[in-house]
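Listed here are the chains, written in short residue letters.
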Amino acid sequence: MPETVFYALEVMLNGLMAGIMYALVALGFVLIFKASGIFNYAQGVLALFAALTLVGIMEGQVPFAHLINAIFGTSFHTFGFKVPALVAILITAAIMTLLAVLVERYILKHLVNQEPIILFMATIGLAYFLEGFGDVMWGSDLKSLDVGLPKGIDETIESLTSDWFGYGFFIDRLDIVAAIVAALLVAALTLFSQYSKQGRALRAVADDHQAALSVGISLRFIWVLVWSIAGIVALVAGIMWGSKSGVQFSLSLIALKALPVLMLGGFTSIPGAIVGGLIIGMGEKLFEFLIGPLVGGATENWFAYVLALVFLVFRPQGLFGERIIERV
Amino acid sequence: MKKALAALAAATMLMTSMPASADLIVPNLSYRTGPYAPGGIPYADGFNDYFTLLNQRDGGIGGEKVVIRECETAYNTEKGVECYEATKGGGALVYNPLSTGITYQLIPKTAADGIPLYTPGYGRTSAANGKVFEWVFNYPSNYWDAASVAIRYLLNENKGDLKGKKIALVYHNSAYGKEPIRTLTELSKKHGFTLVQVPVDHPGQEQKSQWLQIRREKPDYVVMWGWGVMNAVAIQEAANINYPMKNFIGVWWSGSENDVLPAGMGADGYKSLAMHGTGMDYPVYQDIKKYVIDAGKASGAGDQVGSVLYSRGMYAALVISEAIRKAQAISGKAAITAADLRNGFEQLEITEARMAELGLPKFGQPFKATCADHGGPGAALIQQWDAKAKKWSLVTDFIAPDDDVLTPLIMEDSAAYAKENNIAERCK
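These lines cover the structure that appears in this document, whether it is placed above or below. As the structure is a prediction and not an experimental result, all values here were calculated from the model.

**What to know about the nonpolar core**
Residues and elements named next belong to chain A.
Then, number 1: One finds L24, L54, W227 and V247 to be the most contacted residues of the largest nonpolar core, which totals 94 residues.
Then, number 2: Per-element accounting of this core gives the leading share, 16 residues, to helix α10 (residues 219–245).
Then, number 3: Setting aside anything within four residues of it in sequence, one finds L24 in contact with A178, A182, L185, V233, V236, A237 and M240.

This is how it looks when you write it as structure tokens:
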């Protein structure tokens, strides 16, 4: 086979891997939308906030140090010790759960029975608040995140493919880890929703709020639960993306990569987020390879949306979304 | 009575918050929020801290205190223009927006309002032609200088011959990132190398396609024109594909600590251009520590002193302060106007002796501006990252650009601008 074909295959494989990274972000959107019908604009910022908190804890950084120092004239920046990655991840997960409780208590509780657009607007407010709060709490400088994940070319795959095809394929080890983590995450979420009491309650609320309430399921508990899970998913996405580029504000923009995935996969389907991610990732990379050079390159940002729009024309609810039929 | 007291208090607060009429007003269009904040914060801190140093140590410039009016642009062109409109009244002396997009919008506005625009190392390259751009100054170096210096460095590395070599340009797909393309295209014709263009869309968080392309093309060298997270991701991706870092050279906006730290040891050996020296070995930092940081007057947390972008912001403030001094000397008054400052910029000369006197020996290249030359000598250094020591080291002295190629390009571009805008050439 000519080298170009192998290169196209390599681009496709890497597109699939990139798609998994997008799907990790999209999963958080799906979880909240499925359980509460809220499009959570703050999901990208949740990933940023989780990653900032994780690095801050790992580095032993004093939260709100700038504020404290400005008020009291002190110069505290760190506690003088570092926290192991696993412990820091657990503490961050606990903080994301606490954040879910606060979001429910101070925002969602007051907006029960409001129109979805009101809830959407509330999440926009939450996104801007968290952005600023994260900055004040941990600072806006770039932070390196190293939780021990492998990075760089997988030399085994490169040498094996080189022996077999005469063309060494590039696969980033971080992408392989992301694929494994995404598979575990989806399996855990599926098991949780199928076999646990809380999971079944969550599905009941997703199917029909009123009916779920009538059988004694606490809507408030379900909201806390689902925002906690979305927060932890955001933490996973934050770790994967932050390991790649460092932790800084741009991390919140990964949400832009998740939107076409949601449009394509559907807002209510966990497998849809994964399949949507794979199609978007592969589609944008192949388009960049085939058409990019003819139009000056840098096509990925807009092509993902074009691809999602094309799917929407034929299937407005997305590939795996629930078909909404409203009878008059 | 209560109302009168409240009015008096409000008036007092207003008066104390406003600068005295004779103060030197220097707006700072900065960005401390948004995706480019990690670069904008140290630059703004260095800029502000240098003026604070002058105020605290010397009582200002020529006896006049400098007042900074900071406005947040978030590296957004529309917001930058809003900031300009909001701050230009009340005696604003000069603008330095640290954004090529904002600069392009401000060039006609500052010319109409009669306020100098100082864009060291960024902005519109052809503004170096003072015959056309009366109000813009971009010394000591500009983008085209940078592109030329990078190629000159590579020529030195290859015994003066780049024939048959392949050089990839990885660039931010914006007005800024596209600036060097023309120069590099001309230089590729002159030196016989192949230029491969690889654009990266804002913000550059995902660059897999670009680096697969580079892995396939196997360029001898990669030159990068990036900003923000794009730099860190590019360096990480280059490390991922085992691209030799010693053959990877960024422009000076792709050469800060922010860009290399996330890649860890993978970034070891990465090179970038530098407009100025690096590190803390300059006496001025001791003064900044004493009069600004320790005195609790730092613009930020005080933890960025000596970093590449802090030093660059400080250097911009230094040049502006020297232009103010020159303007005061020319006009014979301490409280200068924006028009006086323009004259100061145009007649500014910074010698090595003066740099040493200011506490920055061998930090920046000496230069002398003229009516026609607002661009300076355009030389640049090459620095290399030592990932183990986590520091930059200079690996060359100042390298001069190829003016034979650049001058005609600058003349052509500025002439086109003059024609479009009906500007008659000055300095005849």
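**Quick notes on the interface of chain B and chain A**
Interface extent is often summarised as the accessible area lost during association of the parts.
Then, number 1: Counting residues at the interface gives 33 residues for chain B, matched by 44 residues for chain A.
Then, number 2: Buried surface at the junction of chain B and chain A, both sides included, amounts to about 3,200 Å², of which 52% is carbon and sulfur.
Then, number 3: Considering only the surface of chain B that becomes buried against chain A, B:Q205, B:E206 and B:R216 emerge as the three largest contributors, covering 20% of it.
Then, number 4: For the pair chain B and chain A, the interface holds 7 salt bridges.
Then, number 5: B:K208 serves as the salt-bridge partner of A:D175, at 3.1 Å between the closest nitrogen and oxygen.
Then, number 6: Taken together, the links from chain B to chain A amount to 18 residue pairs in polar contact (both at pLDDT 80 or more).
Then, number 7: Mapped by element, the contributors of at least two residues to the side of chain B that touches chain A are α2 (37–58), α8 (208–217) and α9 (229–240) of chain B.
Then, number 8: The leading source of residues in the side of chain B that touches chain A is α8(B), at 7 residues.
Then, number 9: Considering only residue class, the side of chain B that touches chain A consists of 14 nonpolar, 12 polar and 7 charged.

**Some remarks on the state of the cysteines**
Residue and element names in this part refer to chain B.
Then, number 1: In the structure shown here, the tally under the stated rule is 2 disulfides over all chains.
Then, number 2: In this model, C371 is linked to C427 through a disulfide, with the two sulfur atoms separated by 1.9 Å. Handedness of the C371-C427 disulfide follows from its S-S torsion of about -80°: it is left-handed. Taken together, the positions of C371 in the loop between β11 (367–368) and β12 (381–386) and C427 in the segment after α15 (403–420) put the pair 56 residues apart, joining distant regions of the chain.

**Side note on α15(B)**
Then, number 1: The end-to-end C-alpha distance of α15(B), which contains 18 residues, comes to 25 Å, matching closely the 26 Å that a straight helix rising 1.5 Å per residue would cover.
Then, number 2: Phi turns positive one or two residues past the end of α15(B), at B:N422, with a value near 50°.

**Remarks on the packing of aromatic side chains**
Then, number 1: Scanning all chains against the criterion turns up 44 aromatic pairs over all chains.
Then, number 2: Ring centres of A:Y7 and A:F289 lie 5.0 Å apart, and the angle between their planes is 75°; this geometry places the pair in the edge-to-face category. Here A:Y7, found in helix α1 (residues 3–36), pairs with A:F289, found in helix α12 (residues 270–290); they are 282 residues apart in sequence, far enough to count as distant. A:F289 matches A:Y7 in its accessibility class, with the two residues each being buried.
Then, number 3: Aromatic side chains A:F287 and A:W302 sit 5.6 Å apart centroid to centroid with 80° between the ring planes, which places their arrangement in the edge-to-face category. One end of the pair, A:F287, is in helix α12; the other, A:W302, is in helix α14 (residues 300–314), with 15 residues separating them in the sequence.
Then, number 4: Relative accessible area serves as the criterion here: at 41%, A:W302 is assigned to the partly exposed category.
Then, number 5: Within the aromatic cluster, the residues linked to one another by ring pairs are A:F29, A:F33, A:F39, A:Y41, A:F120 and A:F267.
Then, number 6: Positioned above the aromatic ring of B:W135 is the side chain of B:R342, whose terminal nitrogen or guanidinium carbon lies 5.6 Å from the ring centre.

**Considerations on the side chain of B:D45**
Residue and element names in this part refer to chain B.
Then, number 1: Here D45 shows up in helix α2.
Then, number 2: Looking at D45, its side chain comes within polar contact range of the main-chain nitrogen of G300, at 3.4 Å.
Then, number 3: When neighbours within four sequence positions are excluded, D45 is seen to be in contact with R32, S299, G300, A301, Q304 and Y310.

About the thresholds
- Residues numbered from 1 in each chain as written.
- Chains lettered and ligands numbered in written order.
- Predicted model: local features only at pLDDT ≥ 70, side-chain atom pairs only at ≥ 80, totals over all residues.
- Heavy atoms only, no water.
- Core = buried A, V, L, I, M, F, W, Y, C linked by side-chain atoms within 4.5 Å.
- Buried < 20%, exposed > 50% of the residue type's maximum accessible area, 1.4 Å probe, protein only.
- Helix = DSSP H or I, 4+ residues; strand = E, 2+ residues; numbered from the N terminus.
- Contact = heavy atoms within 4.5 Å.
- Buried area = accessible area lost by both parts, 1.4 Å probe.
- Salt bridge = Lys/Arg side-chain N within 4 Å of Asp/Glu carboxyl O.
- Polar contact = N/O pair within 3.5 Å; in protein donor to acceptor, adjacent residues only side chain to side chain.
- Nonpolar A, V, L, I, M, F, W, Y, C, P; charged D, E, K, R; others polar.
- Disulfide = S-S within 2.5 Å.
- Expected span 1.5 Å × (residues − 1).
- Phe/Tyr/Trp six-rings, centres within 6.5 Å; stacked < 30°, edge-to-face > 60°.
- Lys NZ or Arg CZ within 6 Å of the ring centre and 35° of its normal.

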